[in-house]
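# A structural walkthrough
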Amino acid sequence: MADFPTETHRFQSFDGVELAWTEMGEGRPVVLIHGYFSTAQVNWIKYGHAAKLAARGFRVIMPDLRAHGESGKPHDPAAYPPDVLMRDGMALIEHLGLSDYDLGGYSLGARTTVRMLANGASPRRVVLSGMGLQGLLHTDGRGQYFRRVLTNLGSFERGSSEWLTEAFLKTTKGDPEALLLILQTFVDTPQAAVAAIVQPTEVISGVDDYDNGSAQQVADLLPHGHFVEVPGNHMSAVTRPELGDAIAAFLAA
């Protein structure tokens, strides 16, 4: 596959916090949002997913969420009001002047996509990957897991789920204090609001990914939802070429 250059840009979000986004390719805009503890580079670029979209004629726009990657990581709790990631996403859409675009995400990025849709975002097509129905309707459950990891770093048995999560945090050079504050921003989405998503939506999940409940249930709720399984669990599915293949095939269809 051809190499596509990337370029990173910055802007001030609605409250003045500086956020970064990286672009690859030219053509139809698609905004892809990474998962918790991750970055645009790790989630979308490292494993070739963005390049597959760029090769299909897309301008791939990949923000680093607040408290992640190259974006601002304030330690002031006031910088983390409820739904702040949704507001940041809407601010980026407005900043770029996007009107005809596609939107998607992985894990927390998928949840953020749903929050944006529930608050008026109007992309043409939607990709929800690495997110089950439980993780949309009841955010506190998964949030408690991450809170336990972030407040007990260095104490987990080697090879345990928590140990692996902490190891991923180290690889992305995450800021534990800022990431802990992100947990207070999660907002549940009512089932009726999920069912009200009218866009054609590809729901993609690792065959062994149960971290956020059933992704099949998300697809079943949507009037134009389509469910696709790829190999892997929540941590490994994002590294698989099948994820990028599925996203590119759907958006380019």
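Quick note: structure is the one above.
In short, a report on the structure. (Residues numbered from 1 in each chain as written. Predicted model: local features only at pLDDT ≥ 70, side-chain atom pairs only at ≥ 80, totals over all residues. Heavy atoms only, no water.)

## What to know about the packing of aromatic side chains
For any pair of aromatic rings, geometry is given as the distance between the ring centres together with the angle between the planes. For the structure shown, the criterion picks out six aromatic pairs. Ring geometry for Phe11 and Trp21: centres 5.8 Å apart, planes at 70°, overall edge-to-face. Here Trp21 lies in strand β2 (residues 18-24) and Phe11 lies in strand β1 (residues 6-12), a separation of ten residues in the sequence. With centroids separated by 5.2 Å and ring planes inclined at 80°, the aromatic side chains of Tyr145 and Phe146 adopt a geometry described as edge-to-face. The exposure class of Tyr145 is buried, given its relative accessible area of 9%. Taken together, Tyr36, Phe37, Tyr145, Phe146 and Phe186 form an aromatic cluster joined through their ring pairs. Sitting over the ring of Phe186, Arg111 keeps its end group 4.6 Å from the ring centre. (Phe/Tyr/Trp six-rings, centres within 6.5 Å; stacked < 30°, edge-to-face > 60°. Helix = DSSP H or I, 4+ residues; strand = E, 2+ residues; numbered from the N terminus. Buried < 20%, exposed > 50% of the residue type's maximum accessible area, 1.4 Å probe, protein only. Lys NZ or Arg CZ within 6 Å of the ring centre and 35° of its normal.)

## Considerations on the environment of Thr201
Take Thr201: it is sitting in strand β7 (residues 201-206). Taking the C-alpha atoms as reference points, Thr201 and Ser122, 79 residues apart in sequence, are found 12 Å from one another. Once you skip the residues sitting within four places of it in the chain, Thr201 turns out to touch Val126, Leu128, Leu222, His224, Gly225, His226 and Phe250. (Contact = heavy atoms within 4.5 Å.)

## Considering unusual backbone geometry
Not every positive phi belongs to a glycine, and Phe37 is a case in point at roughly 75°. Mapped onto the secondary structure, Phe37 falls in the loop between β3 (28-33) and α1 (40-45). Relative accessible area serves as the criterion here: at 3%, Phe37 is assigned to the buried category. A positive phi angle, close to 65°, is found at Asp83, a residue other than glycine.

## Focus: the packing of helix α6 (residues 139-150) against helix α7 (residues 161-171)
Where α6 contacts α7, the axes come no closer than 10 Å and their chain directions differ by 70°. Classed by the angle they form, the pair α6 and α7 counts as roughly perpendicular. Between α6 and α7, the contacting residues are Tyr145, Phe146, Arg148, Val149 and Leu150 on the first element and Ser161, Glu162, Thr165, Glu166 and Leu169 on the second. Looking at the contact of α6 with α7 residue by residue, the classes come out as five nonpolar, two polar and three charged. (Axes fitted to C-alpha atoms, helices over the stretch in contact; angles between N-to-C directions. Parallel < 35°, antiparallel > 145°, perpendicular 65-115°, else oblique. Nonpolar A, V, L, I, M, F, W, Y, C, P; charged D, E, K, R; others polar.)

## Concerning the side chain of Lys52
Within the element layout of this structure, Lys52 appears in helix α2 (residues 49-55). Within the structure, the side chain of Lys52 is placed 2.9 Å from the backbone oxygen of Pro241, a separation counted as a polar contact. A polar contact of 2.8 Å, which involves the side chain of Lys52, links it to the side chain of Asp245. (Polar contact = N/O pair within 3.5 Å; in protein donor to acceptor, adjacent residues only side chain to side chain.)

## A few points about the pairing of β2
Counting buried residues along β2, six of its seven residues qualify, which places the element largely inside the surrounding structure. Bridge analysis of β1 against β2 gives seven bridges, and the strand direction is antiparallel. Each bridged residue has a counterpart across the sheet, and for Arg10 the counterpart in β2 is Ala20. Two successive antiparallel strands, β1 and β2, enclose a turn made up of five residues, where Gly16 displays a positive phi of approximately 95°. Taken together, the four bridges between β2 and strand β4 (residues 58-63) define a ladder with antiparallel strand orientation. By the bridge assignment for β4, Met24 is matched with Val60. (Pairing = 2+ DSSP bridges.)

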